[in-house]
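Topology and contacts: notes
The primary structure of each chain is shown beneath.
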Amino acid sequence: MIAFRRFIVAIVGGLTAATMAASPSQAIDYQPFDWVPFPVGTHIAMGYYDYGADNQYNSTITGTAKKNTDLQVSIGIARYIYYNEVFGHPFDVDVIQPFGSLSDGRIDGYRLGDASGAGDLILSPGFWFINRPEQRQWLSAATYTSIPTGTYDSRRSLNLGKNRWQNDLQGDLTQGLSDKSTLDVSADWTYYGDNDKSGTGQQKLTQNSTYAIYAWLCYDVTDVVRRSWPGASNAEISFGYAGLFGGKQKIAGIDNGTKTREDQLRLTYMMFLSPTWQGLVSVNHDIDASGQFKQNFGLTLRVAKMF
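Residues numbered from 1 in each chain as written. Predicted model: local features only at pLDDT ≥ 70, side-chain atom pairs only at ≥ 80, totals over all residues. Heavy atoms only, no water.

1. Re the sheet that holds strand β14 (residues 249-251)
To keep things clear, this is the line we draw: Two strands pair if DSSP finds at least two bridges between them. For helices the rule is a DSSP run of H or I covering at least 4 residues; for strands it is a run of E covering at least 2, with both sets numbered from the N terminus onward.
Sheet architecture is open: four strands sit in the order β10-β11-β14-β15, paired in antiparallel fashion. One side of each edge strand has no neighbouring strand; the edge strands of this open sheet are β10 (195-198) and β15 (254-255). Both β10 and strand β11 (residues 203-207) contribute to a ladder of two bridges, which runs antiparallel. Pairing of Asn 195 across the sheet is with Leu 205, part of β11.

This is how it looks when you write it as structure tokens:
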């Protein structure tokens, strides 16, 4: 136990960058049908609320801490998307600004403190190589660049900002299987720049690339929902899986026991409340996590307005 506590003290600076990468429930995460393009000229304003309750922490070096271990994540996201077309193919421009708080951070009783403020600004262009709505088939790719604009203090164990550049390349295939069922799958590769103000504030934190796969199986329940909500459309229940791999971290060249390895199950309900308003609620649970916090329960709420 004493050795474990000493190790926690040694790696606590590494959590600065690891915390926001601890779960696939991130700003660049996606929900089903996110990569079905809207008509040319459409603007969308979105608001998200993400909540996560983490109750375990695993180090790849010392194992898993369960007792007196906790992290409460409460994140809001403001997002704007614009759709247009080039050479007959749809594209979008995406701006994402996270903000919020991390609270009650503890590992085996060692307090990590709290954090609040803005996350890193994310800019993204996306492009559809295949857009066949009549066949319900879409193939797209997007790149997300995180700019180190978020709140960051090297003296703190937890931060909303990461003090490093990050780029995420994501590809998605959305394919209708029948009139009411759809398969939505995605894979991505995340490259991390270095954080040269980690640990004591003078150490360099490096991280290997993270690879992720996502899958959603969706079923249209619009006919059922319209019995009680006549104006509803595109009502979908979706069951999903997210898996993250890689992402091993080092501080000053020394392994800090952190990586991004996670398996998560998800359940989402979404529908258009009116022709220009969409609502979404999603819950998730980590079935396995190593090198990071394990999320016992996660909740995502989203409201979108098209204009």
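And the narrative resumes.
2. As for the pattern of salt bridges
Rule in force here: Counted as salt bridges are all cases of a side-chain nitrogen of Lys or Arg within 4 Å of a carboxyl oxygen of Asp or Glu. Relative accessibility thresholds used throughout: buried, under 20% of the residue-type maximum; exposed, over 50%; partly exposed, between the two (1.4 Å probe, protein chains only).
Taken as a whole and assessed by the stated rule, the structure comprises nine salt bridges. Put simply, Arg 266 and Asp 29 hold a salt bridge, and the shortest N to O gap is 2.7 Å. Of this pair, Arg 266 sits in strand β16 (residues 261-274) while Asp 29 sits in the loop between α2 (15-18) and β1 (43-59), placing them 237 residues apart in sequence. By relative accessible area, Arg 266 is classed as buried at 4%. Judged by its relative accessible area of 12%, Asp 29 is buried. Two residues, Asp 153 and Arg 155, come together in a salt bridge whose shortest N-O distance is 3.1 Å. The class for Arg 155 is exposed, based on a relative accessible area of 74%.

3. Some words on the nonpolar core
To keep things clear, this is the line we draw: Throughout this description, the term nonpolar core refers to a set of buried Ala, Val, Leu, Ile, Met, Phe, Trp, Tyr and Cys residues connected via side-chain atoms within 4.5 Å.
Ile 44 and Leu 102 are the most contacted members of the largest nonpolar core, which has 39 residues in total. Ranked by the residues each element gives to this core, the list is headed by strand β3 (residues 70-86), at six residues. Counting residues in each nonpolar core, the second largest holds five residues, with Val 225, Ala 232, Ala 235 and Met 271 among its members.

4. So, the confidence of the model for the protein
In plain terms, the rule: Across the chain, each position has a pLDDT score giving the predictor's confidence in that residue, from 0 to 100. Contact definition: two residues touch when any of their heavy atoms are within 4.5 Å.
When pLDDT is averaged across the protein, the result is 91; 91% of the residues are at 70 or more. Across residues 16-25 the pLDDT falls below 50, and counting only partners more than four positions away or on other chains, this stretch makes 42 contacts in the model.

5. Observations concerning the pairing of strand β6 (residues 121-132)
Bridge count for strand β4 (residues 89-107) against β6 is six bridges, and the pairing is antiparallel. By the bridge assignment for β6, Phe 91 is matched with Phe 127. Relative to strand β7 (residues 137-147), β6 is paired through nine bridges, and the arrangement is antiparallel. Paired with Leu 123 across the bridge in β7 is Thr 145. Linking β6 back to β7 in an antiparallel pair, the connection comprises four residues, with Arg 136 at a positive phi of about 55°.

6. What to know about the side chain of Thr 210
To keep it simple, the criterion reads: We call two N or O atoms a polar contact when they sit within 3.5 Å, provided that within protein one can donate a hydrogen and the other can accept it, with sequence-adjacent residues counted only if both atoms are side-chain atoms.
As for its placement among the helices and strands, Thr 210 is situated in strand β12 (residues 210-220). Of the polar contacts made by the side chain of Thr 210, one reaches the side chain of Tyr 192; its length is 2.7 Å. Reaching out from Thr 210, the side chain makes a polar contact with the side chain of Thr 260 at a distance of 2.7 Å. For Thr 210, the contacting residues outside a window of four places in its chain are Asp 188, Trp 189, Thr 190, Tyr 192, Leu 244, Phe 245, Gly 246, Gly 247 and Thr 260.

7. Digging into the pairing of β7
Strand direction decides the pairing type here: β7 and strand β8 (residues 166-176), joined by ten bridges, are antiparallel. Paired with Ala 142 across the strands is Gln 170, a residue of β8.

8. Examining a nonpolar patch on the surface
Applicable threshold: Two joining distances apply to patches: 9 Å for like charges and 5 Å for nonpolar side chains (Val, Leu, Ile, Met, Phe, Trp, Tyr), and every residue must have over 30% relative accessible area and no salt bridge. Here the open area of atoms and residues is found with the Shrake-Rupley method and a 1.4 Å probe, where only the protein chains shown may cover a residue.
On the surface, Ile 237, Phe 239, Leu 265, Leu 267, Val 283, Ile 287 and Phe 297 cluster together into a nonpolar patch covering about 580 Å² of accessible area. Counting residues per element, the ones that place at least two in the nonpolar patch are β13 (233-246), β16 and β17 (277-290). Its location among the elements puts Ile 287 in strand β17. Of the residues examined, Ile 287 reaches a relative accessible area of 45% and is grouped as partly exposed.

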